[in-house]
Amino acid sequence: MSALTALARLRAVREGRAQPAATVRHCHIAEAPMVFIPLRMAGEAAAPLAAMIGTDPGSPRLLVVPQPRDRDLRFAFAAELAEVLLPYVEGFAKETETATRRGAEPYERCLSAPQVLVPNGQAAAFTGLLGRSTRFRRAEGPYPVHPSVPVLGRWLTFFAERAAYPGSSLLVSATDALALHWTSGQSGLEDANLAALLGWIDPPPGLTGLRAAQEAEDPLLWPPAGPATDPGFDNEVLAPAIEGYTRAPTARAVERVREAVRTQLEPTWRLVWRAAELLRGLPAGASVTRRWEYDRGAFTEFLGRVAEGGPPQARRDGAVAAASRLARMERARVSFDVQRAYDDPLIMAEYRLTGEAFAGEVIAADPEHTEGEGRSRKLRPLVTIRTVDPVRLAAGTAVGTPDRRGQEAELVATDGGEITLKITKGMGRGKTPSPGAVPAVGERVCYTSLTDDFQASASLPDPDLTPWTHGGPPEEWVPDDADAAEHWE
Amino acid sequence: MTSRTSLAGTPQAEAGAVVAAVLADLPGHRGVVVDSPPGAGKSTLVVRAAGHIAETGDPLMIVAQTNEQVDDLIDRLAAEHPGLPIGRLSASAYRAPARLLAHGNVRVAAKVPDLGDPAVVVATADKWAWIGERTWPWAIVDEAYQMRSDKLLRIARNFERALFVGDPGQLDPFSVVDGDRWAGLSWDPVQSAVSVLLRHNPDLPVHRLPVSWRLPASAAPVVSEAFYPFTGFRAGTGPDDRSLRFTADGMRTSFDRALEEAAATGWALYELPERHTVRTDAEAVRAVALLATRLVQRAPVAVSERGEHPVGPDRIAVGAAHRDQVAAIRAAGVPPEITVDTANRLQGREYDVTIVLHPLSGRRDATAFHLESGRLCVLTSRHRHACVVVARAGIPELLDAHPSAEPVQLGVPVKFPDGWEANQSVLTHLAAHRVTP
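The structure reproduced in this document is the subject of the present report.

Rules used throughout
- Residues numbered from 1 in each chain as written.
- Chains lettered and ligands numbered in written order.
- Predicted model: local features only at pLDDT ≥ 70, side-chain atom pairs only at ≥ 80, totals over all residues.
- Heavy atoms only, no water.
- Pairing = 2+ DSSP bridges.
- Helix = DSSP H or I, 4+ residues; strand = E, 2+ residues; numbered from the N terminus.
- Axes fitted to C-alpha atoms, helices over the stretch in contact; angles between N-to-C directions.
- Polar contact = N/O pair within 3.5 Å; in protein donor to acceptor, adjacent residues only side chain to side chain.
- Contact = heavy atoms within 4.5 Å.
- 1 Å grid on protein atoms, 1.4 Å probe; cavity = no way out; pocket = protein on both sides within 12 Å on 5 of 7 lines; lining within 4 Å.
- Points joined across faces, edges and corners; volume = space filled by probe spheres on them.
- Nonpolar A, V, L, I, M, F, W, Y, C, P; charged D, E, K, R; others polar.
- Buried area = accessible area lost by both parts, 1.4 Å probe.
- Salt bridge = Lys/Arg side-chain N within 4 Å of Asp/Glu carboxyl O.

Turning to the sheet that holds strand E11 (residues 243–246) of chain B, a few remarks are in order. Residues and elements named next belong to chain B. Ordered by their spatial adjacency, 3 strands build an open sheet running E11-E13-E14, and the pairing between neighbours is antiparallel. Two strands lie at the open edges of the sheet, namely E11 and strand E14 (307–310), each paired on one side alone. Strand-to-strand, the axes of this sheet are offset by a mean angle of 20°, without reference to chain direction. Of the strand pairs in this sheet, strand E13 (residues 300–304) and E14 are connected by 4 bridges, and their pairing is antiparallel. Residue pairing in the sheet places Val 301 in a bridge with Pro 310 of E14.

Shown next as structure tokens:
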């Protein structure tokens, strides 16, 4: 925990209310996200029990598996889920724009993309498991399923895998998104309880955050947000209802299970929408649009793959696929951290404390300073800044600034609290700087050694040429009937 | 009765036999792995093996992990084999240090064709990844335990056979993202190049260098027992071969006492009162800085098998776990010629005396990062003469309160040594060398 987070937690306790951890929103929140709250049967990793899903807070759709041990019923549930999710996802395919990128063919990109909102990290992981259990199923052969089930599996897997990329907003976990923007007075582990976290952020009138969070721990007032259900509820309410269905699978018995899980899901449903509303209340950070663009690109690409009837995502990453995914994830991690710092002075403050950034007032400037002679004469303005931050950057370090993003500067000298910079990039070709390009004396500026310079990673071998050090080329996956019979509990 | 040591022969003979076995194994296998404990002559082996391969006339590529390692290696290689044409591949922004350019047989370029056709080409793993299709019959991969397996994947097509050399006890490679997704896969990209190589090729020969030439007789058993519990090594020198004395008198302060203890026994634990602190614990940072300053003032002189020499500030290092601690120690006023750096950056370096801020000092919890055995191993195995550890009291209790609780992943080989155990082992030894303010 950084010093700033520790301070914010102490303040939250003292004030009885969560403290802001960000001044702007760092995730995209769609106008009409698809809220998805899955529940699973206790004791099994991927046996769905129920789900509440929909894009309208006023009319959720409730799907249940009256007997979660029955595999046919589970896949009937998956088909129902596909009925809700697939039209929503495919709806974004209609409107596209032509996107261009440097050094590549222009391509079509959907104007918007689906966003699935789940209550917490476990629900996101469960989404992945549900995808894993459905994507290899087939409509023919042994144990056939509805044709929409394997397609659903591909999409659920896609959403869960995208969630592993820092900064992606296709699948958002409410607790993670809230904890990114507010610091509560409880531990990180306790923050994973959506009701408790919202209790700190938005306590009901007359209650402190602490009191609200304590109330949230009572499963009778606030049933767990899932996917695990409350053991008391399991024993006293759910088990008899399922038992009843097993004895006599009537419409009434199904209704009894439905009503039982509805009591568990409805409070969380309201909480997730409340979380979305709170997040939407924050102004979007400057880089959110750009990251959402990547998400839209990834979505469009996968949409094409599904439309072509491509194979489901592999069970495990091969050696080459794993290395390539790791490189993309690391790239996303670095970009997300840097972009957040540039977008948000409160995040930048963390780096100012560790000496990787500093803010201060310009006390001297030589905007027309040049280097080189004749044709190679270049404009290299000098700026001196006075700061009280503990600067730990050595001379020669390249720095950037959130105020002038196209520019790059180099630290020339540090003298106590006075730092001299030379602006090395983004000055244009003119002999004099354009007005406002160089910070003027008296202006408050912030510079940091964090930069989002993309160092492309070297190419990987073709999977068919996986070298002997990594086990040689992998076997090709051929769908067969054994896929339907595999144990995936 | 004959003792075991005399049966095994002198350390020189023992180490020489291993090197001979490695060179003999090279032609017969696709890959050969050599584990080298701290200061066991890894670079010497690389230089010898390079000369050995170059003699056969086959071109050789050498892979190291950082630019400094590449430069160090070329410097030694060029000095040892002045007739051998050596190429150094580098990024275009790289400026070759003067010591490289001083060698007539070294050429530096950004592309392979620009190097002429040297017998040996040396570059970092990152640079090699950009080379493209060309294949060398031989490769030597240095610091292979610090190389991530995804880097090996990017360059493995460039060689037919390879010698992998590295220290399994140092820091494992890491990633800034969660790699749990691949845990248990034999090609897990965040594992080290050697673990992935050996999981796919379990029949490759693995050799171990048995003698540390760096660590003194006072340190080799401690480091060997804590960090290399199954494959131990011994010191190449005896207890009487090395000594450290001060030519300037002390003032009987606690710092002087700690330095004297370290000079006399090879170890000292400068123990501050127990307290939970922020990472840049001002008191501990000050103690480290004052110890370093005092050490220089006392004008130490080291005697070793290489003769007698004064220990200047360039032969002293200060190590810590985090970059902000390093910055804080620097800011607290350490003579500028002293190296102050993190464990990660001190890997592979050697000094006469080191001063270490214990990674667990003042902490309330023992996270996997701070417990990683490699971190403490690097910090406590850089010295030829003495090591002073600065820590707050209460670390054994902290360890007892935080047994390793990492989830066990299926298919992941159990890692030894266990960081928890290694920490306890080192602390137990240090307890006998405690000095308090």
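Moving on from the coordinates now.
So, about the side chain of Arg88(B). All names here are of chain B. Turning to its location among the elements, Arg 88 is positioned in strand E3 (residues 86–89). In terms of polar contacts, Arg 88 uses its side chain to reach the side chain of Asp 71, at 2.9 Å. Every residue in contact with Arg 88, bar those within four places of it in the chain, is listed here: Asn 67, Val 70, Asp 71, Ile 74, Tyr 94, Leu 100, Arg 107, Val 108, Ala 109, Leu 115 and Val 122.

On to empty space enclosed by the protein. Residues and elements named next belong to chain B. Here the structure, examined in full by the defined rule, presents 4 cavities of 30 Å³ or more. The volume enclosed by the largest cavity comes to roughly 50 Å³. If you trace the largest cavity, you find it lined by Asp 35, Ser 36, Pro 37, Pro 168, Arg 208, Leu 209, Tyr 228, Thr 231 and Gly 232. By residue class, the composition of the lining of the largest cavity is 4 nonpolar, 3 polar and 2 charged.

Let us look at the interface of chain A and chain B. Counting from both sides, the interface comprises 28 residues of chain A and, opposite them, 32 residues of chain B. Together chain A and chain B conceal approximately 2700 Å² of surface at their shared face, both sides included; 67% is due to carbon and sulfur atoms. Together, Leu326(A), Trp468(A) and His470(A) form the three largest contributors to the area buried by chain A at its contact with chain B, with a combined 29%. Taken together, chain A and chain B are joined by 3 salt bridges. The shortest N-O distance in the salt bridge between Asp317(A) and Arg181(B) comes to 3.0 Å.

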